[in-house]
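Letter by letter, the chains look like this.
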Amino acid sequence: MIEEITASKLDTKQFIDERVNEIRETVGDGTAINALSGGVDSSVVTMLGHRALGRRLKTYFIENGLMREGEARQIAGWFRKLGVKVEVVDASAKFFAALKGVTDPEEKREKGITQVFYKDVFARLVRRSGARVLLQGTNYTDVEET
């Protein structure tokens, strides 16, 4: 259980070391998988996972076709420079097909994120990776929703 700590009392080195150790203990000798979006949450979890597991972390960037041109390759490149292997998976055609004709924002979220991202694309990658642990860098609302 993580206790509430104010920023002025936060020992970042201790916090990082504790999270890295938690990941190592949870994963054991196995592998873990995560999806990198380039946002703060997934970037932090990717680096903590990499520090804890090295090559035993399978990191994927799912190209949904909705980002700036070349952004997926750029983000993956930044992480490769930090020693993190990132596989870019182009799923843009699946996203576009699922969203075609959909105008309601909630329906777009359901069809795009829940159906295509989690149930189709990422689920396939999880099965293929053989990982038993998912490292998810997101807020609780997104976890609950998906």
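Colleague: Lay out the sheet that holds strand 2 (residues 57–63) with the relevant residues and their values.
Modeller: Pairing within the open sheet is parallel, and its four strands lie in the order 3-2-1-4. The strands lining the two open edges of the sheet, one partner per strand, are strand 3 (86–90) and strand 4 (133–134). Bridge count for strand 1 (residues 32–35) against strand 4 is two bridges, and the pairing is parallel. Bridge pairing links Ile33 to Leu134 in strand 4.

Colleague: Go over the nonpolar core with me, naming the residues and quoting the values.
Modeller: The biggest cluster of nonpolar side chains holds 12 residues, and these are Ile33, Tyr60, Ile62, Val89, Ala91, Phe95, Val116, Phe117, Val121, Phe122, Leu125 and Ala131. With five residues, helix 5 (residues 105–129) is the single largest residue contributor to this core. Excluding its chain neighbours within four sequence positions, the residues that come into contact with Phe117 are Ala35, Ile62, Phe95, Gly112, Phe122 and Ala123. Counting residues in hydrophobic clusters, the runner-up holds 11 residues, among them Ile23, Val27, Val45 and Ala52.

Colleague: Would you mind going over the packing of helix 1 (residues 12–27) against helix 2 (residues 40–53) in detail, with residue names and values included?
Modeller: Relative to each other, helix 1 and helix 2 sit at 65 degrees, their axes nearing to 9 Å. The two elements helix 1 and helix 2 cross, and the hand of that crossing is right-handed. Touching Ile16, Arg19, Val20, Ile23, Arg24 and Val27 of helix 1 are Leu48, Gly49, Arg51, Ala52 and Leu53, all from helix 2. Class assignment for the residues of the contact of helix 1 with helix 2 results in seven nonpolar, one polar and three charged.

Colleague: So what's going on with helix 3 (residues 71–81)? Residues and values would help.
Modeller: Residues of helix 3 that are buried: Glu71, Ala72, Ile75, Ala76 and Phe79. Burial along helix 3 is one-sided: seen end-on, the buried residues are contained in an arc of 130 degrees. Counted as exposed and oriented over 90 degrees from the buried face of helix 3: Arg73 and Lys81. Contact partners of the buried residues in helix 3: helix 2, strand 2 and strand 3.

Colleague: Explain helix 1 residue by residue, including any values.
Modeller: In this model, helix 1 (16 residues) spans 22 Å end to end at C-alpha, consistent with the 22 Å of a helix rising 1.5 Å per residue. Residues of helix 1 that are buried include every one of Arg19, Val20, Ile23 and Val27, and no others. Along the long axis of helix 1, the arc covered by the buried residues comes to 100 degrees, so they all point the same way. In this structure, the buried side of helix 1 is in contact with strand 1, helix 2 and strand 4. The N-terminus of helix 1 is capped by Asp11, whose side-chain oxygen sits 3.3 Å from the backbone nitrogen of Lys13. Positive backbone phi, at 65 degrees, marks Gly28, one or two positions downstream of helix 1.

Colleague: Before we move on, could you go through the environment of Leu99 and cite the residues and values that matter?
Modeller: Here Leu99 shows up in helix 4 (residues 92–99). Linking Leu99 and Arg128, residues 29 residues apart in sequence, is a C-alpha distance of 26 Å. Apart from residues no more than four positions distant in its own chain, Leu99 is found in contact with Leu66, Lys108 and Gly112.

Rules and cut-offs
- Residues numbered from 1 in each chain as written.
- Predicted model: local features only at pLDDT ≥ 70, side-chain atom pairs only at ≥ 80, totals over all residues.
- Heavy atoms only, no water.
- Pairing = 2+ DSSP bridges.
- Helix = DSSP H or I, 4+ residues; strand = E, 2+ residues; numbered from the N terminus.
- Core = buried A, V, L, I, M, F, W, Y, C linked by side-chain atoms within 4.5 Å.
- Buried < 20%, exposed > 50% of the residue type's maximum accessible area, 1.4 Å probe, protein only.
- Contact = heavy atoms within 4.5 Å.
- Axes fitted to C-alpha atoms, helices over the stretch in contact; angles between N-to-C directions.
- Left-handed = near helix turned anticlockwise from the far one by under 90°.
- Nonpolar A, V, L, I, M, F, W, Y, C, P; charged D, E, K, R; others polar.
- Arc of directions from axis to C-beta.
- Expected span 1.5 Å × (residues − 1).
- Polar contact = N/O pair within 3.5 Å; in protein donor to acceptor, adjacent residues only side chain to side chain.

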